[in-house]
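Structural description and commentary
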Amino acid sequence: MNELSPAQAESQPALPAGSRDFARTQRRADRGPAGGPAGEAPRAGPIRDPHQGLIADEWPQMAAPMLLGVAGLAFGHGVFHPLAPMLTALAAAVLVLLARFLVQLERAGAVPKTFHFVLLIGAIGLPMFLYGGAIGYWAAVGAVPWLPCLGLLITISLLAMMIESGRLVGLLVSQVAMWSGVACVLGTLSGFLALGLGTAICVAAFMRQREIDALAQQRAEEMARIRTRAQEILADYEETGQGWFWETDRRTLLTYISRPVADTLGCKVEELIGRPFAELFSLADKADEGKRTLAFHFTARSSFSELPMRAAAFDEERLWSVTGRPTYDSFNNFQGFRGSGADLTEKRRIQEHASRLAHFDSLTGLANRFQMSQTLEKILNAPNEQNRACAVFLIDLDRFKQVNDTLGHPAGDALLKHVSQRLERAVGSMGRVGRLGGDEFQVLLPAKIAREQLAILAGQIIASLAQPYTIDESRVMIGASVGIALAPDDGVTSEALIRNADLALYAAKDGGRGRYHFYAADLHSDAEERRQLEEDLRDAISQGDLQLYYQPVVQTATEKITGFEALLRWNHHTHGFISPGKFVPIAEDAGLIVAIGEWALRTACRDIAAWPGNVRVAVNVSPLQFANVALPSMVTNALAHAGLEPDRLELEITESVFLNDDTDTETKFRALKGIGVRLALDDFGTGYSSLGYLKRAPFDKIKIDQSFVRGATEPGSRNGAIIASIVSLAEALGMETTAEGVETLDELDLVRMLGCSHVQGYIYERPLSALAASARLANGLIAIAQGPRSARAARQSMLRKVHLDHDGHRYDAMIRNISLTGALIEGLWDVPPGTIFRIQLSDGHSATATCRWCSEDRMGVEFSQPLQLDDDGRLVAVTVKNAQPIYDPAAVQRQVG
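These notes cover the structure that comes with them. (Residues numbered from 1 in each chain as written. Predicted model: local features only at pLDDT ≥ 70, side-chain atom pairs only at ≥ 80, totals over all residues. Heavy atoms only, no water.)

Formed by 77 residues in total, the largest nonpolar core has its most connected members in Y550, V635, L649, L651, F699 and I723. Ranked by residues supplied to this core, first place goes to helix α19 (residues 593-608) with 7 residues. Counting residues in hydrophobic clusters, the runner-up holds 41 residues, among them W59, A160, I163 and V173. (Core = buried A, V, L, I, M, F, W, Y, C linked by side-chain atoms within 4.5 Å. Buried < 20%, exposed > 50% of the residue type's maximum accessible area, 1.4 Å probe, protein only. Helix = DSSP H or I, 4+ residues; strand = E, 2+ residues; numbered from the N terminus.)

Written out as structure tokens, the structure reads:
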């Protein structure tokens, strides 16, 4: 396209204020290279095309007047002698005729610009010199009068000037050469002086003209680059799809349209030219409204900006933003419209995606915390009070962390997607399901729903989520706990409602997980108790009320104490000793565990420093404390302050520190081993399932969790095989083993037989205070196992009258405690061991039992068949229907004997 396109025309400077609603189509004349108005000559010389040669294309036509002039003189005066000047003039005319080839060489650029002057001399200078010299000689010898000869020379000079006009160098060469030829004929010296002077003037003019041409060409190229750059920028703008341009005539028929628009509509540009502009857009949906607006602007001839229009594309949905304004010519006549457009499709998609990210969970597609909060606020702030009722379910997945730890986070993400699908199916149209983050979900049920129905729905949700999942060809089992709060009963604000549902969720978890719990007022007292414990714990840390107790670790081969494990104890000023299982989680949640851990480390090092040098101390390091980058320096400072050898300190670390499996963990282990302390793997086999970390972690000992020791001596138990495999693994890796929680002689014999190198448990000693541990060491390192031979089942204290039958004789007695396998009966004296009774425990329940021992009026009996438990874990034989159990579950305690 030679003319400026509408797109390029748009790049012209903006119109003054007040006239920007239309454009004029007048064209401006190109300006001269020097920047002045068109036709104005620059001060350096005349305007000349930088691509114009020194020799005019018409110069060969000079041969004709030159020949005619010689012929006219000869025939007019009847003079044909001497022949030399005539032949010389004819040769000059032939040279001029042959100059056409030199003109072609100059135009083709076949010779360097430096030699263009040589071509000029050959094409113009030499022929004109010969011609002037020939005519001057003819007149000088008197063959032809001077007057006609001068007339011919002046005529040829004027013709040369006319042909070479605009070419200063060519003009000067033609004139200087011709008259120099005449001068040379009249006087040799003066002629050659004139020739030399003329040649110098021509050379100077040539050099000056070259400078003018170079400057003009530079300016022309710069102007061309500016025009080309603007065209390329607009072309790139169109081709990249960032925008497009259009132009119409007075009838709103397209006269120009960008090619990307045609590509989008699936046609060619030529097919769109001449068609109505409105045909570019679709009539579907809201596009007809846009077209009505467009038609209004066309009729009113008014400008419009960013008008949203839907493209008439069939393969995909495209949204355009169209801008236009009317155009007028220099006489203020309406010419049509001109404007631009932009594709809003991707922008709209990005906006929709951003909106979705702001309101929906990117993983599951459920509503996120923000949208669930907005929905709840709308319900609670409804204009009608009767519409403000709703129910909130907070759902937390049980054992989800194990899936992440064992199968990895991608499997955890896949599991969350399955969970979200099951939740949506279970809730259906009753309410909205959202994911708050992690493995926590929320269900919002508008309107007032009976508690019974909510309980049924909660049970269905728990049952649905408890069904097996298949993730990466692995069978996965999880559970769910549900906390329920109702509005307005449990709160009239979103904050209160969510807080109370969260309290109910904690109550469901504390109740054993896999269950639901409605909010109750007493849950606040539990939360308040936890808060009070946290405050008391902070005071205990600052006031030094925490204590360390030490439990001996005994070597099985020598039965000597080799070390102690430091155990944290808190003697509360009101509640007495509080279990670590209760206050340690509070310390972790409150961020106090690192400070407690550092205090325990310093205290243990200080206490052990006063004990025999061959006794070690083991200190537990929580995962939060291990993650602290300052742990190596804490250990170093504790050893330095106590003056303790590093190998007497053993740090017990759980498997959970390997969950991230990053280089920081390995770096931390290398730093600790560099200090010289020993490392023990605590609670082995109860958490992280991968054994890969054992290849890298420099442990000195593996501690076998007491859950594997419990019940290991019972028939059919696999715990012994597990202990044996752990011991074999430790021996292969060059590590020691410690069996925790050994409480009976049978368990001690078993772990000793399976090869455990160390034992820790009540069978040797309970945890001792620092003072008691010092007194114990004063009596020597030998440890003596003291305790029952084996463990018996947990018993429930009770007081119930029963009937005993033996050989047809009936006896009345009283049960003092009972378990699944036996009972303590009071009321019969001196019963021989081995006596068999039929005991009527309750209506419809009786059991056969054998007396195993008797002391005065008490005897212990063993049931021939273990008793049965109901769904609530109570003994069926001694539970009264439709009433509370007659025994007190709180009195249940584990007894050994």
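A few words now on the packing of α19 against helix α21 (residues 631-642). It is the contact of α19 with α21, at a shortest axis distance of 8 Å, that shows an interaxial angle of 30°. Between α19 and α21, the angle is such that the two are roughly parallel. As α19 packs across α21, the resulting crossing turns out to be right-handed. Residue-level contacts link V594, E598, L601, R602, C605 and R606 of α19 to M634, V635, N637, A638, L639, H641 and A642 of α21. Residues of the contact of α19 with α21, tallied by class, amount to 8 nonpolar, 2 polar and 3 charged. (Axes fitted to C-alpha atoms, helices over the stretch in contact; angles between N-to-C directions. Parallel < 35°, antiparallel > 145°, perpendicular 65-115°, else oblique. Left-handed = near helix turned anticlockwise from the far one by under 90°. Contact = heavy atoms within 4.5 Å. Nonpolar A, V, L, I, M, F, W, Y, C, P; charged D, E, K, R; others polar.)

A separate point is the sheet that holds strand β9 (residues 440-446). Sheet architecture is open: 5 strands sit in the order β8-β9-β7-β12-β13, paired in mixed fashion. In this open sheet, the two edge strands, each paired with only one partner strand, are β8 (432-437) and β13 (516-518). Taken over all neighbouring pairs, the strand axes of this sheet differ in orientation by 20° on average, direction set aside. Bridge analysis of β8 against β9 gives 5 bridges, and the strand direction is antiparallel. In the strand pairing of β9, G437 is matched with E440. This element, helix α14 (residues 409-427), spans β7 (390-398), β8 and β9 of the sheet and lies at about 15° to β9. (Pairing = 2+ DSSP bridges.)

Together, W146, L150, I154, L158, M161, W179 and L186 line one region of the surface with nonpolar side chains, adding up to about 620 Å² of accessible area. When residues of the nonpolar patch are traced back to their parent elements, those giving at least two are α5 (146-163) and α6 (168-186). It is α5 that contributes the most residues to the nonpolar patch, 5 residues altogether. Looking at where L158 falls in the secondary structure, it is placed in helix α5. We classify L158 as exposed; its relative accessible area is 52%. (Patch = residues over 30% accessible without salt bridge, like charges linked within 9 Å, V, L, I, M, F, W, Y side chains within 5 Å. Areas by Shrake-Rupley, 256 points an atom, 1.4 Å probe, with all protein chains shown as cover. Salt bridge = Lys/Arg side-chain N within 4 Å of Asp/Glu carboxyl O.)

To continue, consider α5. Here α5 contains 18 residues, and its C-alpha end-to-end distance of 26 Å stays within 8% of the 26 Å for a straight helix at 1.5 Å per residue. Looking at α5, one finds that the buried residues are C149, L152, L153, I156, S157, A160 and I163. Across the axial projection of α5, the buried residues extend over an arc of 135°, all falling on one side. Seen from the buried face of α5, the exposed residues on the opposite side, beyond 90 degrees, are L147, L158 and M162. (Expected span 1.5 Å × (residues − 1). Arc of directions from axis to C-beta.)

Here the focus is the pairing of strand β24 (residues 796-806). Bridge count between β24 and strand β25 (residues 809-818): 9 bridges; the pairing is antiparallel. Paired with H803 across the strands is D812, a residue of β25. In sequence, β24 turns back onto β25 through a hairpin of 2 residues, with D807 there showing a positive phi of about 55°. Judged from the 3 bridges that link them, β24 and strand β27 (residues 836-842) form a sheet pairing that is antiparallel. If you follow H803 over to β27, its bridge partner there is Q840.

Moving on to the state of the cysteines. Enumeration over the complete set of coordinates arrives at 0 disulfides. Between C851, a free cysteine, and C854, which holds the nearest cysteine sulfur, the sulfur-to-sulfur gap is 5.6 Å. By relative accessible area, which is 25% here, C854 ends up partly exposed. (Disulfide = S-S within 2.5 Å.)

For the structure shown, the criterion picks out 19 aromatic pairs. Here the aromatic residues W244, W246, F277, F281, F298, F304, W320, Y328, F334 and F337 are joined through ring pairs into a cluster of three or more. Above the face of the F101 ring, R100 is positioned so that its terminal group lies 5.5 Å from the ring centre. (Phe/Tyr/Trp six-rings, centres within 6.5 Å; stacked < 30°, edge-to-face > 60°. Lys NZ or Arg CZ within 6 Å of the ring centre and 35° of its normal.)

Take the pairing of strand β2 (residues 244-248) next. With 5 of 5 residues buried, β2 is to be regarded as a mostly interior element. Here β2 shows two buried faces, one formed by W244, W246 and T248 and the other by F245 and E247. Note: β2 against strand β6 (residues 334-343), 4 bridges, orientation antiparallel. Residue pairing in the sheet places W244 in a bridge with G341 of β6. In this sheet, strand β3 (residues 254-257) lies alongside β2 in antiparallel orientation, the contact comprising 3 bridges. Bridged to T248 within β3 is L254.

Where helix α12 (residues 369-380) contacts helix α16 (residues 494-510), the two axes come as close as 10 Å, and the packing angle between them is 115°. Of the residues in α16, those touching α12 at L376, E377 and L380 are S494, E495, L497 and I498. The residue inventory of the contact of α12 with α16, partitioned by class, reads 4 nonpolar, 1 polar and 2 charged.

Right, let's get into unusual backbone geometry. The step from A487 to P488 runs through a cis peptide bond, and the omega angle for that step is 10°. Its location among the elements puts P488 in the loop between β12 (479-487) and α16. For E559, which is not glycine, the phi torsion reads 55° and is therefore positive. In the Ramachandran plot, D830 falls in the positive-phi region, its phi being about 50° despite a non-glycine side chain. Tracing the backbone through its elements, the reader meets D830 in the loop between β26 (822-826) and β27. A residue is classified by how much of its surface remains accessible, and D830, at 62% relative accessible area, is exposed.

It is worth spelling out the pattern of salt bridges at this point. A full pass over the atoms with the stated rule returns 26 salt bridges. Between D249 and R251 there is a salt bridge, and its shortest N-O distance comes to 3.8 Å. For E559, the salt bridge is made with R752, and the minimal N-O distance between the two is 3.3 Å. With E559 in the loop between β14 (546-555) and β15 (560-572) and R752 in helix α25 (residues 745-753), this residue pair connects regions lying 193 residues apart in the sequence. Accessibility expressed as a relative area gives 30% for R752, which makes it partly exposed. Shared partners join several salt bridges into a network, and the residues in it are E565, E652, K703 and E740.

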